[in-house]
Amino acid sequence: MALATRPAAQPGHKTQAVDPVTAGGIVKVSQGGEAVDLTSLMPAGKITVVDFYADWCGPCRSIAPPLEELAKGNADVVVVKVDIVKWGTPVTKHYGINSVPNIRVFDRDQKQVGQPTSNFSKIKSYVEKAGG
């Protein structure tokens, strides 16, 4: 089941297009917890895995290497890592993030596949489903 790619804009919350750091299918975004425009970070025609994470989060550090391998092992997959910084930041409010890692998979048409998860097996199955 595909879900909408963008949450409704909330009053007082701005999203920003950002200049990400990119390396080997990995895009790292750190805007100090400010909301970001995910669609501006999703390359056309690619499957995008968005990893909302925090540097202080142990499970986030554990899932990072398999996510990076997923991007390096498949030219059709890009991983976008968005640093939430801390709880209560605009990015957590804008995307309804209550736990990290919070990973979302988007198909080539920028539609979300499945529900946010931190389960790597589910992430892989969502990527396969997004690939059609």
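In case you missed it, the structure is sitting above this.
*Asks:* Please provide a residue-by-residue account of the nonpolar core, values included.
*Replies:* One finds Val29, Leu38, Val50, Phe52, Val80, Val82 and Ile84 to be the most contacted residues of the largest nonpolar core, which totals 21 residues. Secondary-structure elements contributing two or more residues to this core are β3 (26-29), β4 (47-53) and β5 (77-83). When sequence neighbours within four positions are dropped, the list of residues in contact with Val82 reads Val29, Val36, Leu38, Val50, Asp51, Phe52, Tyr53 and Val91. Counting 16 residues, the second largest nonpolar core, distinct from the first, contains Ile63, Val79, Val113 and Ala130.

*Asks:* Break down the pattern of salt bridges for me, citing the residues and quoting the values.
*Replies:* Here the structure, examined in full by the defined rule, presents 2 salt bridges. With a shortest N-O distance of 2.9 Å, Asp51 and Lys81 are connected by a salt bridge. Here the residue Asp51 occupies a position in strand β4, and Lys81 occupies one in strand β5, the gap between them amounting to 30 residues. Taking relative accessible area as the criterion, Lys81 reaches 8% and is therefore assigned buried. When the shortest N-O distance is used, the salt bridge between Arg108 and Asp76 registers 3.1 Å. Of this pair, Arg108 sits in the loop between β6 (102-106) and β7 (112-117) while Asp76 is found in the loop between α1 (58-72) and β5, placing the two residues 32 residues apart along the sequence. On the accessibility criterion, Arg108 (30% relative accessible area) is partly exposed.

Rules of the game
Residues numbered from 1 in each chain as written. Predicted model: local features only at pLDDT ≥ 70, side-chain atom pairs only at ≥ 80, totals over all residues. Heavy atoms only, no water. Core = buried A, V, L, I, M, F, W, Y, C linked by side-chain atoms within 4.5 Å. Buried < 20%, exposed > 50% of the residue type's maximum accessible area, 1.4 Å probe, protein only. Helix = DSSP H or I, 4+ residues; strand = E, 2+ residues; numbered from the N terminus. Contact = heavy atoms within 4.5 Å. Salt bridge = Lys/Arg side-chain N within 4 Å of Asp/Glu carboxyl O.

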